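Chain residues, written in single-letter form:
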Amino acid sequence: MEDLPERPLRVLLAKLGMDTHTVGVTIIAHALREAGMEVIFTGLKQTPEMVAAAAVQEDVDVVGISTLSAGHTRSLPKLARLLREAGAGDKLLLAGGVIPEEDQAFLTEAGVHKIFTMGADTRDIVTYLRGWWAERQAAEAA
Amino acid sequence: MNKPLGSFTVANDNIAGEAARWEAETRGPFVAANPERRDPFVTQALTWPIKPLYTPADLDAVGFDYLTDLGFPGEYPYTRSTRPNGHRSQFWTMTQVTGFGKGQAWSKRARYMLDQGLSGLILEYDLATTNGYDSDDPIVEGEVGRAGMALDSLEDLEAAFDLPFDKLKYLMSVCNAPQPVNLAMIIAALEKKGVDPRDFVLHIVNGILIEYTCVGRYIYPPEHGLRIAVDCIEYIIRNHPNWAPLSIISAQLQPAKANPVQEIAFSLSIVCAYIDATLERGFTIDEIAPYLNHFVVNVDMDFFEGICKLRAFRKCWARLMKERYGATRPEAMKIRLMTSPTTIALTLQQPLNNIARLGIMATACALGGAGDNMTTPLHDEAHSLPAEEAIRVGAAIQHIVAYETGVAETIDPLAGSYYVETLTKQMEDAAFAEMDRIFEMGGATKAIERGYFQRALGREQYERNKDIEEGRRKWIGVNHLTLPEKKREIEIFRLDDTMEEEQVAKLQALRARRDQAAVDAAVERVRQAARDGSNLVPACLDAVKVYATHGELCNAMRDVFGVHAPDSQLAGV
């Protein structure tokens, strides 16, 4: 077993645009907190600019976007670009919600690191984040 | 035991003793040899323990009394029915959800539906409109015309209302946060069409308090949201007394995982906030309650939770009106329910299974009293736009329940069931206890400001999801009897850039040609009304008639009220 990380993972969760479906993001927030992570929620109706600024200001490790609207093919690449421009390209950018399979390669190419679609088990998301965090810390220590 | 000693109680004491004997001698030894399937057995949403057996002793334990708890149909407390003859004279009105597609096609689709003999329609708007933005606001890029009609100015409604108003007699409009602007636009458009408002019913949902609680299409802080909603209620009662100024869509709390007690308590405490604010405008409870008693309620798959919820809803409303407000008119104490099987019980996997689910939930709706109206969603709703076959089956489900099962042939046929009456009474008691907590906080508006509802629902969302992930709740096709995952065919609504561009061009052309000085003056009068507390509807009416836009008027109110921006804690996340 890896040693547990010394400080908790900090996660910013956000909703972009006018999509106001919050059940998914709420469940994720509770699951991550229960797993010992620090979770900040931006609230609804955010622009990519607002989320990028919040990610930098809150100094989070992970940015998770919940999207159940078709706007993700525009807003997610824009957010990835804004994060890189702000020198925050090392933050893990996650997307979840309704994201059709045919969009996923495009989004990955544009800088989204991992996509969890609707129905994903919260335990898998926690496992993925713990794995990523352990790797990141090992890389930093090396 | 609360009751005085009488023959009934003595008999039930005997039953309690006998039940204990049965447990020790008969059931206990059996269960020791045959362990139970579940430990514990619980109801689906409330997760209340379910006993193996209910007897008259349980009715005593909850203090059940036939005359005070049930009474008779059409009479206080209306537990058995608000109708004197249940559904023996008429069935509930059977309605059907039908997808509308793009906003621009609304008028055409509406004409088609009116030709099919329908006389009522629901008008839904895109997220730009319901969140109070014009189509050319950068923040709504990609949303224009998607979830419903794009409504920027009176011009759009004039086009949409190219309809035969001799056939259209009822229109429901769902535009909660910008309600005074939306109401004004509809009134102005009807005036232009020469429609006699006395010969037509406009029903505005006006459900801003539910938006703060779980839906999220809010603009202004809650106290201002409530004030503008009550402006609309007051305007309608005074000017269009045959219209309907409010619907409490408890059916939005339910998909947000409100359990039945939360649904009843949250919905009713929310309606109390509207009632209290409307009473301050100089009305009596008997005048306004019949305007504020429309509720839309979903039923989920736990059969008895669903049935008991509908029975408890009727009774809790009646008690609230009588005990809290001193209502005296029967019309004030009778709730108007519209019921529906919930879409959140339906699965994307194995969609034909959903037909069975809909049949069972529609039966529960009917056994719970159905209400004035029942709507059935479509079994393949999760997959694609409504297909003809799904629409036909959806309608048939209600007819099968109504004509083939016999459940509507006697009034409230499950009354007197030891389990049903115990659960109904427990829900009622728990709902009143929860309402008392909310009233102690200062009512629903204060509870929203403190994030109380949002946090309570957030916890339910997490816990109920865990029940499924960890297999405590079996969901066929999801975590039980699953099939190897096939590639799911989901029709994704793709952005139609041309439609958005056309709408934006139309709006900008309007801005270029209208009388800008008149618009500026009218918008300023709306800002002034927002500031000085006078009713916003007349000011909005003047403004929309000179083609001030939806977004401009919503922004004028933003200038005065500010915006609602809850953090994690207040959002329940």
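Quick caveat, the model's predicted, so the values are computed rather than measured.

Rules used in this analysis
- Residues numbered from 1 in each chain as written.
- Chains lettered and ligands numbered in written order.
- Predicted model: local features only at pLDDT ≥ 70, side-chain atom pairs only at ≥ 80, totals over all residues.
- Helix = DSSP H or I, 4+ residues; strand = E, 2+ residues; numbered from the N terminus.
- Rg over C-alpha atoms; globule rule 2.2 N^0.38 Å.
- Buried ≥ 20, exposed ≤ 12 C-beta atoms within 10 Å, placed from the backbone.
- Contact = placed C-beta atoms within 7 Å.
- Expected span 1.5 Å × (residues − 1).
- Core = buried A, V, L, I, M, F, W, Y, C linked by C-beta atoms within 7 Å.
- Nonpolar A, V, L, I, M, F, W, Y, C, P; charged D, E, K, R; others polar.
- Pairing = 2+ DSSP bridges.
- Axes fitted to C-alpha atoms, helices over the stretch in contact; angles between N-to-C directions.
- Domains from an automatic or database assignment.
- pLDDT = per-residue confidence, 0-100.
- Right-handed = clockwise from strand over helix to strand, strands pointing away.

Draft legend 1. Geometry of the overall build of chain B. What chain B contains, in helices and strands, is 24 helices and eight strands. Here the C-alpha radius of gyration of chain B, 25 Å, is about what a compact globule of 573 residues would show, namely 25 Å. By principal-axis analysis of the C-alpha atoms, chain B measures approximately 90 × 60 × 50 Å. A burial count over chain B gives 46% of its 573 residues as buried. Considering only contacts in chain B between residues 6 or more positions apart, those separated by 24 or more positions represent 78%.

Draft legend 2. Local environment of helix α9 (residues 222–239) of chain B. Residue and element names in this part refer to chain B. A rise of 1.5 Å per residue sets the reference length of α9, with its 18 residues, at 26 Å; its end C-alpha atoms lie 26 Å apart and thus fit the reference within 8%. For α9, the set of buried residues is P222, G225, L226, I228, A229, V230, D231, C232, I233, E234, Y235 and I236. Where the residues of α9 are buried, they touch α7 (179–193), β4 (201–204), α8 (208–215), α11 (260–279), α18 (444–449) and α22 (536–545).

Draft legend 3. Quick look at the nonpolar core. Judged by nonpolar contacts, the single largest core of 188 residues is most densely connected at L13(A), V63(A), A184(B), F313(B), V526(B), C540(B) and L553(B). With residues up to four places along the chain from it excluded, the contact list for V63(A) reads L12(A), A14(A), V51(A), A55(A), K91(A), L93(A) and L94(A).

Draft legend 4. Up close: the interface of chain A and chain B. Every contact between the two is made by 26 residues of chain A and, on the other side, 27 residues of chain B. Looking at the side of chain A that touches chain B, the elements with two or more residues in it are α1 (23–34), β2 (38–41) and α5 (122–141) of chain A. It is α1(A) that provides the largest number of residues to the side of chain A that touches chain B, a total of seven residues. Per-class residue counts for the side of chain A that touches chain B are 13 nonpolar, nine polar and four charged.

Draft legend 5. Quick look at the sheet that holds strand β3 (residues 170–174) of chain B. Residue and element names in this part refer to chain B. Pairing within the open sheet is parallel, and its three strands lie in the order β2-β3-β4. The open sheet terminates on both sides in strands that have one partner only, identified here as β2 (120–124) and β4. Strand-to-strand twist across the sheet, computed as the mean angle between neighbouring axes with direction ignored, equals 20 degrees. Both β2 and β3 contribute to a ladder of five bridges, which runs parallel. Counted as the bridge partner of G120 is Y170 from β3.

Draft legend 6. How the structure looks around the domain arrangement of chain B. Residue and element names in this part refer to chain B. In terms of domains, chain B is made up of domain 1 (7–66) and domain 2 (71–469). With 11 residues of domain 1 at the contact, the number on the domain 2 side is 13 residues. Along the lines of polarity and charge, the residues of the side of domain 1 that touches domain 2 split into seven nonpolar, three polar and one charged.

Draft legend 7. Representation of the sheet that holds strand β5 (residues 114–117) of chain A in the model. Residues and elements named next belong to chain A. If you walk across this open sheet you meet the five strands as β2-β1-β3-β4-β5, and the pairing is parallel. The strands lining the two open edges of the sheet, one partner per strand, are β2 and β5. Between one strand axis and the next, the sheet turns through 20 degrees on average, direction left out of account. In terms of strand pairing, strand β4 (residues 92–97) meets β5 through four bridges, oriented parallel. By the bridge assignment, A95 is partnered in β5 with I115. Along the sheet, helix α3 (residues 72–85) contacts β3 (62–67) and β4; its crossing angle with β4, the most-contacted strand, is approximately 165 degrees.

Draft legend 8. Local environment of the confidence of the model for chain B. Residue and element names in this part refer to chain B. Chain-level statistics for chain B give a pLDDT mean of 92 and a share of 93% at 70 or above. Across residues 99–103, where pLDDT falls below 50, the model places 15 contacts with residues more than four positions away in sequence or in other chains. Interface scoring of the predicted complex returns ipTM 0.91; its pTM is 0.94.

Draft legend 9. Broad picture of the pairing of strand β8 (residues 373–376) of chain B. Residues and elements named next belong to chain B. As paired strands, strand β7 (residues 336–341) and β8 are joined by two bridges and run parallel to one another. Bridging across to β8, T339 finds its partner in M374. As a crossover connection, the stretch from β7 through helix α15 (residues 353–367) into β8 is right-handed.

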